[in-house]
Amino acid sequence: MKAAITGCAGFIGSHLAERILAHGGSVVGIDNLLTGRSENVRHLLDYPEFASITEDIAIPSNIVALVGEHIERIDTVFHLASPASPNDYARYPLQTLVANSRGTEHAIYLANRFHARLILASTSEVYGDPLEHPQTEEYWGNVNPVGPRSCYDEGKRYAEALVAAAHRVGLVDAAIVRIFNTYGPRMRIDDGRVVPSFIGRALRGEPLTLYGGGEQTRSFMYVDDLIDALVRVATIPLAGDFHVLNLGSTVETSIRALATVVASVAGVRLQVEDGPLPTDDPTRRCPDISRAQMLLDWQPQIGILEGLRRTIDYFRGELYGGQAAAS
Ligand code: UDP
């Protein structure tokens, strides 16, 4: 595969680039390093088939020329660039909207000029606080258009509309993936999402904060499972069809239950404290992945215990360089 990845220095982008390169492919990564980190892709610079461009996909009108300096042919553009944690998009609401509006325009243009397939990384957030459960791709969502999460939720909904329209008028061959909660190594420990927050606190011997009592649910997918699915979406024959696919774990877990599992896998005594529920925090979230199962012959393989073990090992290394943590 010869891919351009926007948001390549982010958590998911870096794993995707690594997988493509490890299988003999080529990657041009584009990232403005707003929430991504150059450390995430530093080890990939050893591959001659990897090039990294520090640019904002929403800004350059010459993105085709910039990419063309590094690679002659691209078959896939993955558009992943966007702040993605509630803390990050609360901090950068305008950048989030622009990455998903103008950034998506540029990603479409890039794919069009290279005759590449465009894969838009969308999100379960397009369903908002869902009134249907589990969420199928047919569900239109329940989103507050002006709330604190709207820059991300509506940004992604607009990006979806843009990609759907571009496909409809024949500008680009495209697919949309709606990614549900994903975790793993290379998340930032301070990005505010529940898995890195809980792991960081557990390893430091601090209480885990349950927002709003912790009865709300999410479904957590380990990053390697997501990468398997993304590579399949890039390579299956689409034959002109336009697909929107949920990608996520179907094991629904309360945040309180997650706290117990994190403490147990980290080998620390569980301590919890209460925190206020953020505005518009979804109550339940779990995907119906039948469509992806059928089309991609895929479903997540890595259970939460194994996924957390790998992730905790990573964060332990980040915090203590592999030495024993506080217990
Ligand atoms: N959460 C929590 N404690 C934390 C961080 C998050 O209870 O330290 C909750 C948050 O309110 C939400 C869930 O965990 O209900 C998942 O939050 P996250 O930010 O990971 O992702 P979201 O699915 O909300 O985008």
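Residues numbered from 1 in each chain as written. Predicted model: local features only at pLDDT ≥ 70, side-chain atom pairs only at ≥ 80, totals over all residues. Heavy atoms only, no water.

**A look at the overall build of the protein**
- Broken down by element type, the protein carries twelve helices and 13 strands.
- Out of the 327 residues belonging to the protein, those deemed buried represent 54%.
- Approximately 14,000 Å² of the protein is accessible, and the part contributed by carbon and sulfur atoms is 51%. (Helix = DSSP H or I, 4+ residues; strand = E, 2+ residues; numbered from the N terminus. Buried < 20%, exposed > 50% of the residue type's maximum accessible area, 1.4 Å probe, protein only. Areas by Shrake-Rupley, 256 points an atom, 1.4 Å probe, with all protein chains shown as cover.)

**Some details on the sheet that holds strand β1 (residues 2-6)**
- Reading across from one edge, β3-β2-β1-β4-β5-β6-β11 is the order of the seven strands in this open sheet, with parallel pairing throughout. Lying at the two open borders of the sheet, with one neighbouring strand each, are β3 (50-54) and β11 (243-247). Neighbour-to-neighbour, the strand axes of this sheet turn through a mean angle of 20°, independent of strand direction.
- Bridge analysis of β1 against strand β2 (residues 26-31) gives five bridges, and the strand direction is parallel. When the bridges of β2 are listed, A4 appears paired with V28.
- The strands touched by helix α7 (residues 150-168) within the sheet are β5 (117-123) and β6 (173-179), with β5 carrying the most contacts at an inclination of about 155°. (Pairing = 2+ DSSP bridges. Axes fitted to C-alpha atoms, helices over the stretch in contact; angles between N-to-C directions. Contact = heavy atoms within 4.5 Å.)

**Quick look at the packing of helix α6 (residues 102-114) against α7**
- Orientation of α6 relative to α7, taken along the N-to-C sense of each, is 25°, at an axis distance of 9 Å. Relative to α7, α6 is oriented roughly parallel. Judged by the twist between their axes, the crossing of α6 over α7 is right-handed. Across from T104, E105 and I108 in α6, the residues of α7 making contact are Y158, A159, L162, V163 and A166. (Parallel < 35°, antiparallel > 145°, perpendicular 65-115°, else oblique. Left-handed = near helix turned anticlockwise from the far one by under 90°.)

**Topic: the site of the ligand**
- Within the structure, the ligand sits among 18 residues, and V194, T209, R218, D281 and R285 are positioned closest to it.
- In this structure, an oxygen atom belonging to the ligand sits 2.9 Å away from a side-chain N or O atom of N181.
- Protein contacts shield 94% of the accessible area of the ligand, which totals 520 Å² for the unbound molecule.
- Within the residue set of the shell around the ligand, elements represented by two or more residues are α8 (194-203) and β8 (208-211).
- Of the residues in the shell around the ligand, the class split is seven nonpolar, five polar and six charged. (Near = heavy atom within 4 Å. Polar contact = N/O pair within 3.5 Å; in protein donor to acceptor, adjacent residues only side chain to side chain. Nonpolar A, V, L, I, M, F, W, Y, C, P; charged D, E, K, R; others polar.)

**Comments concerning the nonpolar core**
- Membership of the largest hydrophobic core comes to 60 residues, with the highest contact counts inside it found for I5, F78, F198, L230, L247 and L296.
- It is helix α9 (residues 223-235) that provides the largest number of residues to this core, a total of seven residues.
- Apart from the residues lying within four places of it in its own chain, the contact partners of L296 are A229, R232, V233, I236, L245 and L247.
- Membership of the second largest hydrophobic core comes to 29 residues, among which are V77, A81, L120 and A174. (Core = buried A, V, L, I, M, F, W, Y, C linked by side-chain atoms within 4.5 Å.)

**Remarks on the environment of F11**
- Counting through the fold element by element, F11 comes out in helix α1 (residues 11-22).
- F11 sits in the buried class, given a relative accessible area of 8%.
- C-alpha separation for the pair F11 and N40, spaced 29 residues apart in sequence, amounts to 7.3 Å.
- Excluding its chain neighbours within four sequence positions, the residues that come into contact with F11 are N40, T182, Y183, G184, P185, R186, M187 and V223.

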